[in-house]
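If you want the building blocks of each chain, they are given just below.
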Amino acid sequence: QVQLVESGGGLVQAGGSLKLSCAASGRTFSTYAMGWFRQAPGKVREFVAAISRSGGTTISADSVKGRFTIPRDNAKNTVYLQMNSLKPKDTAVYYCAASRYTMATTKGYNCWGQGTQVNVSS
């Protein structure tokens with residue numbers, strides 16, 4: 001199990017960009033698929049994007065496809081969420097998570113960061 005710490009959240013105007021970071025401790029980072037999830041007030045936590053262990057494959061939710069990317073740097077034990085063309089509906093607490101299973105296996109995400117708040121104003 002790895003320890004995850006998100007950072008990079010804040011307030012941005014609609015149409016702007018933010019880059020979130022998720023730093024992992026330990027030396028087993030490359031054995032985990034990594035995902036980003038978010039939870040807005042009054043809504044359930046939803047999947048945003050994920051990346052495979054090697055970084056060779058990514059998936060993303062339809063709501064963010066074409067706007068968000070999820071690169072990872074295994075040498076730095078860090079996964080990122082690059083958010084462009086932000087919309088007010090993107091406002092949420094964003095969490096990164098690690099999985100020892102495939103990036104699409106939601107039950108596999110059992111290591112979670114503390115979350116970072118993203119507010120998008122109109």
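Comments concerning the nonpolar core
The tendency in soluble globular proteins is for nonpolar side chains to be buried as a group.
Argument step 1. One finds Met34, Trp36, Leu81, Met83 and Tyr94 to be the most contacted residues of the largest nonpolar core, which totals 30 residues.
Argument step 2. Among the secondary structure elements, those contributing two or more residues to this core are β3 (18-24), β4 (33-39), β5 (46-51), β9 (78-83), β10 (92-99) and β12 (116-121).
Argument step 3. Among residues more than four places away in sequence, those in contact with Leu81 are Leu18, Lys19, Leu20, Trp36, Val48, Ala49, Phe68, Thr69, Ile70 and Tyr94.
Argument step 4. Ranked by size, the runner-up nonpolar core spans six residues in total, among them Ala33, Ala50, Ala97 and Met103.

Here's the deal with the pattern of salt bridges
Argument step 1. Within the structure shown, the criterion is met by four salt bridges.
Argument step 2. One salt bridge in this structure joins Arg38 and Glu46, with 2.7 Å as the shortest N-O distance.
Argument step 3. Residue class for Arg38 comes out buried when judged on its relative accessible area of 5%.
Argument step 4. The exposure class assigned to Glu46 is partly exposed, which follows from its relative accessible area of 28%.
Argument step 5. One salt bridge in this structure joins Asp90 and Arg38, with 2.9 Å as the shortest N-O distance. A residue pair is termed long-range when its members are at least 10 positions apart, and Asp90 in the loop between β9 and β10 and Arg38 in strand β4 qualify at 52 residues. A single burial state applies to Asp90 and to Arg38, both of which are buried.
Argument step 6. Salt bridges linked by common partners bring Arg38, Glu46, Arg67 and Asp90 together as one network.

So, the pairing of β5
Along any regular strand, the residues point their side chains to alternate faces of the sheet.
Argument step 1. In this structure, β4 lies alongside β5, joined through five bridges in antiparallel fashion. Residue pairing across strands places Phe37 opposite Phe47, the latter belonging to β5.
Argument step 2. In textbook terms, the turn of a hairpin is the stretch between consecutive antiparallel strands, and for β4 and β5 this stretch comprises six residues, one of which, Gly42, has a positive phi near 75°.
Argument step 3. Where β5 meets strand β6 (residues 58-60), three bridges bridge the pair, whose relative direction is antiparallel. Its bridge partner lying in β6, Ile51 is registered against Thr58.
Argument step 4. Taking the residues that link successive antiparallel strands as the turn, the β5-β6 hairpin has six residues, and the phi of Gly55 there is positive, at about 85°.

Rules behind the numbers
- Residues numbered from 1 in each chain as written.
- Predicted model: local features only at pLDDT ≥ 70, side-chain atom pairs only at ≥ 80, totals over all residues.
- Heavy atoms only, no water.
- Core = buried A, V, L, I, M, F, W, Y, C linked by side-chain atoms within 4.5 Å.
- Buried < 20%, exposed > 50% of the residue type's maximum accessible area, 1.4 Å probe, protein only.
- Helix = DSSP H or I, 4+ residues; strand = E, 2+ residues; numbered from the N terminus.
- Contact = heavy atoms within 4.5 Å.
- Salt bridge = Lys/Arg side-chain N within 4 Å of Asp/Glu carboxyl O.
- Pairing = 2+ DSSP bridges.

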